[in-house]
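One-letter residues, chain by chain:
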Amino acid sequence: MKITLLICLLFTSINSYADFSSVVIGHNTPVKKVHRAQNEIILTFDDGPTPGVTNRILNTLKKHNIKGTFFVQAENAINYPELMNRIVNEGHIVGNHSYTHQVLTNLEYSSWKQVVQKEVLDAHEVIAPYMTNAQHFYYRAPGSYWEPRFAQFLNEDEIGKNYIGPIHWDIGGKLEIRNGRVAKAADWECWRKKVPVNECLSGYIAETRQNAGGVVLIHDVSPQSAEMLERYLAILGNAFTFRTLDDLNLNDKK
Ligand SMILES: [Zn+2]
């Protein structure tokens, strides 16, 4: 009897690796590195798919024979199924990046569960048919806002408990200018502040070299980001090994 129980417990612990507190990064919590210093790059693309941008990024990835992860919004997946199909057919991973990109901050006590349900689990219903290339369900939180109560709520759900996330990033989080030079960059912030593509690119390259690789955040929303990726891979494509989130065993990084 005791041996059976022990085996059951072992089995349970082996299989309960995935959850919503695994790679938790949020404001007011220390940033945990996802995967630095291995000379490996993991490309991730958020907020799409977007016509005219995602297809261009897919062309670039194909040219370099690199697989990426697309953290899509469910409402975009509904609007652009042909882009979603192309992402999957070309072997990339699809992750969940919410339904409407609502940032999960300042949520009302009376309604936060409904919001999290919609933005994560209802989004999953839409995106799940495209998640076939990955070993796990991955989630990235809009704006990286996250709270332990969300993890607790989602881990009680049959689907939610199989997720790994929120997944943060190592490169591309913010624009930093030092002595007049772009030392780090975030594409959305570059375009908002009218930073030219080549300067934004130099920030991505500097941060990639400084960290010796890592999880790169790019948004497949603006054509400038697609252009920047082409140049980024032309410069770094042969200097780093390209991996996917599946290769990282993120469940071990709690
Ligand atoms: Zn986003």
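Above this note sits the structure.
Computed from a prediction, not measured in an experiment: that's the story for all the values here. (Residues numbered from 1 in each chain as written. Predicted model: local features only at pLDDT ≥ 70, side-chain atom pairs only at ≥ 80, totals over all residues. Heavy atoms only, no water.)

Q: Lay out helix α2 (residues 54–64) with the relevant residues and their values.
A: Among the residues making up α2, those that are buried are Thr-54, Ile-57, Leu-58, Thr-60 and Leu-61. Take α2 and look down its axis: the buried residues cluster within an arc of 160°, on one side only. Residues of α2 that are exposed and angled more than 90 degrees away from the buried face: Lys-62 and Lys-63. On its buried face, α2 is in contact with β1 (40–46), β2 (69–72), α4 (81–89) and α9 (223–236). Among the residues trailing α2, Asn-65 stands out with phi positive, at a value near 55°. (Buried < 20%, exposed > 50% of the residue type's maximum accessible area, 1.4 Å probe, protein only. Helix = DSSP H or I, 4+ residues; strand = E, 2+ residues; numbered from the N terminus. Arc of directions from axis to C-beta. Contact = heavy atoms within 4.5 Å.)

Q: Break down the coordination of the zinc ion for me, citing the residues and quoting the values.
A: At the metal site, the zinc ion is ligated by Asp-47 (OD), His-97 (NE2) and His-101 (NE2), and these contacts range over 2.1 Å. Of note, the zinc ion draws all its donor residues from one chain, in the sequence arrangement D-x49-H-x3-H. Accessibility expressed as a relative area gives 2% for His-97, which makes it buried. Overall, the relative accessible area of 25% leaves His-101 in the partly exposed class. (Donors = N, O, S within 2.8 Å, 3.2 Å for Na, K, Ca; no water.)

Q: How would you summarise helix α5 (residues 112–127) if you had to cite specific residues and measurements?
A: Spanning 16 residues, α5 covers 22 Å between terminal C-alpha atoms, matching the ideal 22 Å at 1.5 Å per step. Taking the largest bend as the criterion, α5 deviates by roughly 35°, centred on Lys-118. When we look at burial in α5, the residues that qualify are Trp-112, Val-115, Val-116, Glu-119, Val-120, Leu-121, Ala-123, His-124, Val-126 and Ile-127. Those residues of α5 hidden inside the fold are in contact with β2, α3 (74–79), β3 (93–96), β4 (137–138), α6 (148–155) and β5 (163–164). (Expected span 1.5 Å × (residues − 1). Bend = angle between axes of the 7 residues up to and from the residue.)

Q: I'd like a description of the nonpolar core, backed by residues and values.
A: Formed by 59 residues in total, the largest nonpolar core has its most connected members in Leu-43, Leu-61, Val-94, Tyr-204 and Tyr-232. In terms of residue count, the dominant contributor to this core is α5 (eight residues). When near neighbours in sequence (up to four residues on either side) are disregarded, Tyr-204 contacts Ile-171, Gly-172, Ala-185, Ala-186, Asp-187, Val-216, Leu-217, Ile-218, Met-228 and Tyr-232. One finds Ile-93, Ala-134, Val-215 and Leu-248 within the second-largest nonpolar core, a separate group that totals 13 residues. (Core = buried A, V, L, I, M, F, W, Y, C linked by side-chain atoms within 4.5 Å.)

Read these as layout, nothing more, since geometry by itself doesn't imply function.
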